[in-house]
Structures are given as structure tokens and as C-alpha cells.
Amino acid sequence: MTTVKSKVTIKGTKEGLVFFMDDTCSFEELLTDVREKIEHSHQQILSGPLIRVSIKLGKRYCSPEQQEQLTQIIRQKGNLVIHTVEADVITKEEAFAERLKTHFSVQVHTVRSGQVLEYDGDLLLLGDVNPGGIVRSTGNIYVLGHLRGYAHAGIDGDSQVIIAAAVMSPTQLRIADVISKPGEEWTNHSGGTEFAYLENETMLVAKMNYLARIRPELGEKKA
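Residues numbered from 1 in each chain as written. Predicted model: local features only at pLDDT ≥ 70, side-chain atom pairs only at ≥ 80, totals over all residues. Heavy atoms only, no water.

1. Examining the overall build of the protein chain
Thinking step 1. Across its full length, the protein chain carries four helices and 16 strands.
Thinking step 2. Counting every position in the protein chain, which comprises 223 residues, the buried fraction comes to 41%.
Thinking step 3. The contacts in the protein chain between residues at least 6 apart in sequence include a share of 37% that link residues at least 24 apart.
Thinking step 4. As displayed, the protein chain has an accessible area near 12200 Å², and 50% of this comes from carbon and sulfur atoms. (Helix = DSSP H or I, 4+ residues; strand = E, 2+ residues; numbered from the N terminus. Buried < 20%, exposed > 50% of the residue type's maximum accessible area, 1.4 Å probe, protein only. Contact = heavy atoms within 4.5 Å. Areas by Shrake-Rupley, 256 points an atom, 1.4 Å probe, with all protein chains shown as cover.)

2. A word on the nonpolar core
If you look at soluble globular proteins, the nonpolar side chains tend to sit buried side by side.
Thinking step 1. Counting 22 residues, the largest nonpolar core has Leu147, Ile163 and Leu173 as the members making the most contacts within it.
Thinking step 2. For this core, the elements supplying multiple residues, two or more each, are strand 8 (122–125), strand 10 (141–147), strand 11 (150–153), strand 12 (163–168), strand 13 (172–175), strand 15 (194–199) and strand 16 (202–207).
Thinking step 3. Listed in part, the 20 residues of the second largest apolar core include Leu17, Leu30, Val53 and Cys62. (Core = buried A, V, L, I, M, F, W, Y, C linked by side-chain atoms within 4.5 Å.)

3. Some details on the pattern of salt bridges
Thinking step 1. Going through the model one piece at a time under the given rule, you end up with six salt bridges.
Thinking step 2. Glu86 is paired through a salt bridge with Lys56; the nearest N and O atoms lie 2.5 Å apart. Here Glu86, found in strand 5 (residues 80–86), pairs with Lys56, found in strand 4 (residues 51–56); they are 30 residues apart in sequence, far enough to count as distant.
Thinking step 3. As a salt-bridge pair, Asp177 and Arg174 come within 3.6 Å of each other at their nearest N and O atoms. (Salt bridge = Lys/Arg side-chain N within 4 Å of Asp/Glu carboxyl O.)

4. Section: the sheet that holds strand 7 (residues 116–119)
Thinking step 1. Taken in spatial order, the five strands of this open sheet run 7-9-11-13-14, and their pairing is mixed. Whereas interior strands pair on both sides, the edge strands pair on one side only; in this sheet they are strand 7 and strand 14 (178–179).
Thinking step 2. Strand direction decides the pairing type here: strand 7 and strand 9 (residues 134–137), joined by four bridges, are parallel. Paired with Leu117 across the two strands is Val135, which belongs to strand 9. (Pairing = 2+ DSSP bridges.)

5. Thoughts on the sheet that holds strand 10
Thinking step 1. Strand order in the open sheet formed by six strands is 6-8-10-12-15-16, with mixed pairing between adjacent strands. Only two strands of the sheet have a single neighbouring strand rather than two, namely strand 6 (104–107) and strand 16. With direction set aside, neighbouring strand axes in the sheet form an average angle of 25°.
Thinking step 2. As judged from the five bridges shared by strand 10 and strand 12, these two strands associate in the parallel manner. Note on strand 12: the bridge partner recorded for Ile141 is Ile163. (Axes fitted to C-alpha atoms, helices over the stretch in contact; angles between N-to-C directions.)

6. Observations concerning helix 2 (residues 64–74)
A turn of α-helix holds 3.6 residues, and therefore any two residues three or four places apart point the same way.
Thinking step 1. Leu70, Thr71, Ile73 and Ile74 are the residues of helix 2 that are buried. Buried residues in helix 2, looked at end-on, bunch into an arc of 155°, giving them a common side. Turned more than 90 degrees from where helix 2 packs its buried face, Pro64 and Glu65 sit exposed. (Arc of directions from axis to C-beta.)

7. Some thoughts on the pairing of strand 9
Moving residue by residue along a regular strand, the side chains alternate between the two faces of the sheet.
Thinking step 1. On strand 9, burial follows the alternation: Val135 and Ser137 on one face are buried, whereas Ile134 and Arg136 on the facing-out side are not.
Thinking step 2. Sheet analysis places strand 9 next to strand 11, joined by four bridges and oriented parallel. Considered in strand 11, the bridge of Arg136 is made with His152.

8. Points about the state of the cysteines
Thinking step 1. For the coordinates displayed, the defined rule picks out zero disulfides.
Thinking step 2. With no disulfide of its own, Cys62 lies 9.7 Å from the sulfur of Cys25, the closest cysteine sulfur.
Thinking step 3. Accessibility expressed as a relative area gives 3% for Cys62, which makes it buried. (Disulfide = S-S within 2.5 Å.)

9. Some words on unusual backbone geometry
Excluding glycine, residues mostly have negative phi values, and the peptide bonds linking residues are mostly trans.
Thinking step 1. A positive phi is found at Ala176, a non-glycine position, where the angle reads about 55°.
Thinking step 2. On the secondary structure map, Ala176 appears in the loop between strand 13 and strand 14.
Thinking step 3. For Ala176, a relative accessible area of 6% puts it in the buried group.
Thinking step 4. For Asn200, which is not glycine, the phi torsion reads 55° and is therefore positive.
Thinking step 5. Here Asn200 shows up in the loop between strand 15 and strand 16.

Given below as C-alpha cells:
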């Protein structure tokens, strides 16, 4: 049995009921429609034996508090038992956990002028990137050497990655879609390992001892 209304679609399956939530309306509109469905509709279904309920949020992100609001309304019918709450979006922490599952490459050589080194995941280069050399990665880039060429981290759009180098004097840096202005970010940061990162869509460079403060999630990687 299927009942469709503007914000909520309820479908019956062998396992129970599935509540498909509209992911384009406001959360308050969604709550109102869920409450109306529970209080005034489906009296034959929403009574009797225990029924498992799965909630599908689509591309809507709901905080734990919002999820609790939704489930409280549904649990007003004593026979409805919340089984799962699923969404097609992930939190920042979940996204970082997924990144940890990707490969980590260690390369030991110098990237010379005209050469391109590209990797899917985090890249650790034990060597230099000479002027005219290019290093690209979907993840973070760590250069334990002199970065004097071009480096692009987060080539698939990840703006939380960093570019780190023992000696930072690149031709140009790029993180996701943000391109550095040659020389301006690192002119006053000479000496010691540094890293570039994005903040409010602006590229900044800081000393490595600030990494734990700026990107604390990087320190959560487990061996």
C-alpha cells in the first residue's frame, strides 16, 4: 500500500513500513506532515501488531536532535518500532573515515621539469619537486623535500586537504578549485616545514606546529 502526500511517502514492504522523506522542504514542514500522517492517516496500518519502520531521509542531513524529533512523532503509535534511519549524505567525520580507507602512496624520487606525478589518495613524496614539475593528488600531498614546482591537492574537489613541504617555495599551489597567488602566501614563512590549507575559500600557509590546531582530524589517523 502506498500513500503519497507532499512531504512524506509511506510504503509497505515485507519487512514493515518505509517512510520516504522529502529532502527539499524545510525541516519544520517535514515535521508537520509526518505528524499529520501519524495522527490522522493509515489507521488500519498504524495499529495492531508491531511494525518495523525504516526512515529514508534522501539527501537531507538531520542532526541527532532532529532525528529524535522525527522518531518521537512516529513512536506515538505504540506499534511502530524504528528500525533504521538512513540518509544519502555523510557527516564530515564519516567523510574523513572514508578517506582513511583510500590508498596512501610513498614515492621516492625527484619530480623534474616536465614530469607529472598524480595519485588517487594521499601522496608522500620523499624528494624534491623542481620548477616545471607537477604533483597532483585527490588527497593530501606531503613533500619531504623542496617544493619548487606546481602542486594540486584535492583534485576531485576536497577542500579539507593540505599541501605540506619541508621547504615551501612553489611556482603555484592549488587546493580543490582555489589557486594560490604566486609567492604571496609563503613569502614571510621561510624556514621549517610548512603546509598550505583553505580557510573560507582562501589559501593560507602555516608552520607545521599549527597543523593539529587547524586540521585536528589529520591526527586521528590510526596505523
